[in-house]
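# An overview of the molecular structure
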Amino acid sequence: MRLLRSDTLKIGGKPVKVGKITIAQWRELFNVINTLPQLLISILVAPQADRLPTFIVAIENSLDDVVNVVSVLTGLDAEWIEQNASIDELVAFFTATARANNFGDVLKNVQSALKLANPETTADQGAE
């Protein structure tokens, strides 16, 4: 049995590479997604105990976006993904993609930058 590289997963039986999302891919993603960004943020900022239920609701409400994102990032046809991929494979792909792109750190850095951009909030809280 041939082992897959650590940056490779299988979706619907086909090996796909997990890697950094390029600027060009981000642009393409913005053209194919509708509700997914807000739902992903909801998952990331949800309390740990609420993440699984939030994730389940997000999947239900964004299957088309999920399939389109996987299609853009893997090069697989969206219709083929719908007919051959399982949810656990897509979750594994998203998890590996999030790790490869440091989404957790990116979110923390964006939150820090937003706090720095709005010093009045910090100053107001300290004055109370």
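Okay, so let's go over this structure.

This brings us to the overall build of the protein. Looking only at helices and strands, the protein has 8 helices and 2 strands in total. Each helix and strand of the protein, ordered N terminal to C terminal, gives the series β-β-α-α-α-α-α-α-α-α. Considering the protein as a whole, with its 128 residues, one finds that 25% of them fall into the buried category. Pairs at least 24 apart in sequence give 62% of the contacts found in the protein among residues at least 6 apart. Counting only carbon and sulfur atoms, one obtains 57% of the accessible surface of the protein, whose full area is about 9,000 Å².

This paragraph deals with the nonpolar core. Membership of the largest hydrophobic core comes to 19 residues, with the highest contact counts inside it found for Ile11 and Phe93. Those elements that place two or more of their residues in this core are α4 (63-74) and α6 (87-100). If you tally residues by element for this core, the top one is α4, at 6 residues. Excluding residues that lie within four positions of it along the chain, phenylalanine 93 makes contacts with Leu9, Ile11, Val16, Lys17, Val18, Val70, Leu73 and Thr74.

The next point concerns the environment of isoleucine 87. Summarising the element assignment, isoleucine 87 is placed in helix α6. Apart from the residues within four sequence positions on either side, isoleucine 87 is in contact with Ile59 and Leu63.

One can find isoleucine 59 in helix α3 (residues 51-61). Those residues in contact with isoleucine 59, other than ones at most four positions away along the chain, are Val66 and Ile87.

Applying the stated criterion across every chain yields a total of 2 aromatic pairs. Taking 6.3 Å as the distance between ring centres and 75° as the angle between the ring planes, the aromatic pair formed by phenylalanine 93 and phenylalanine 94 counts as edge-to-face. Taking NZ or CZ as reference, lysine 14 lies 4.4 Å from the ring centre of tryptophan 80, over its face.

Turning next to a negative patch on the surface. Taken together, the side chains of Asp64, Asp77, Glu79 and Glu82 make up a negatively charged region of the molecular surface. With respect to the helices and strands, the residue aspartate 77 is situated in the loop between α4 and α5 (78-84). By relative accessible area, which is 49% here, aspartate 77 ends up partly exposed.

So, about a nonpolar patch on the surface. Taken together, the side chains of Ile23, Trp26 and Phe30 define a hydrophobic patch exposed on the protein surface, amounting to about 330 Å² of accessible area. Along the chain, isoleucine 23 turns up in helix α1 (residues 23-32).

For any two helices packed against each other, one specifies the inter-axial angle together with the distance between the axes. Remark: α1 packs on α4, axes separated minimally by 10 Å, with the N-to-C direction vectors making an angle of 155°. Judged by the angle between their axes, α1 and α4 are roughly antiparallel. You can see that α1 and α4 cross each other, and the crossing is right-handed. Two secondary-structure elements touch here, α1 through Gln25, Glu28, Leu29 and Val32 and α4 through Asp65, Asn68, Val69, Val72 and Leu73. Considering only residue class, the contact of α1 with α4 consists of 5 nonpolar, 2 polar and 2 charged.

Cut-off values and rules
- All chains use their own residue numbering, which begins from 1 and follows the written sequence.
- In keeping with the model being predicted, local features are shown solely for residues with a pLDDT of at least 70 and side-chain atom pairs are shown and tallied solely at 80 or more, while totals for entire chains, interfaces and linings include all residues.
- To obtain the side-chain values, all non-hydrogen atoms of the structure were used and water was disregarded.
- Under the DSSP-based scheme used, a helix requires at least four consecutive residues in state H or I and a strand at least two consecutive residues in state E, with every element numbered from the N terminus.
- Only protein chains enter the calculation, and the probe is 1.4 Å; a residue is then buried if its accessible area is under 20% of its type maximum, exposed if over 50%, and partly exposed in between.
- Every residue pair with non-hydrogen atoms within 4.5 Å of one another is taken to be in contact.
- Note on areas: Shrake-Rupley, 1.4 Å probe, and residue coverage restricted to the protein chains presented here.
- Nonpolar cores were defined as sets of buried Ala, Val, Leu, Ile, Met, Phe, Trp, Tyr and Cys residues, with membership established by side-chain atoms within 4.5 Å.
- A pair of aromatic rings is counted whenever rings of Phe, Tyr or Trp (Trp by its six-membered ring) have centres within 6.5 Å, and the orientation is called stacked for planes under 30 degrees apart, edge-to-face for over 60 and tilted otherwise.
- Working rule: Lys NZ or Arg CZ, within 6 Å of ring centre, within 35 degrees of ring normal, means a charge sits over the ring.
- Every patch collects residues that have over 30% relative accessible area and no salt bridge, joining them within 9 Å if they carry like charges and within 5 Å if they are nonpolar side chains (Val, Leu, Ile, Met, Phe, Trp, Tyr).
- For salt bridges, the criterion is a side-chain nitrogen of Lys or Arg within 4 Å of an Asp or Glu carboxyl oxygen.
- Counted as positive: Lys and Arg. Counted as negative: Asp and Glu. His and the chain ends are not counted at all.
- All charge positions are set by atom: Lys at NZ, Arg at CZ, Asp at CG, Glu at CD.
- Under this scheme, a helix contributes an axis fitted over its contacting stretch, all axes are lines through C-alpha atoms, and angles between N-to-C directions fall in the 0 to 180 degree range.
- Relative orientations are named as follows: roughly parallel for angles under 35 degrees, roughly antiparallel for angles over 145 degrees, roughly perpendicular for angles from 65 to 115 degrees, and oblique for any other angle.
- Put simply, a crossing is left-handed when the front helix is turned counterclockwise from the back one by less than a right angle, and right-handed when it is turned clockwise.
- For this classification, the nonpolar set comprises Ala, Val, Leu, Ile, Met, Phe, Trp, Tyr, Cys and Pro, the charged set comprises Asp, Glu, Lys and Arg, and every other residue, Gly included, is treated as polar.

Just distances and angles here, no functional claims.
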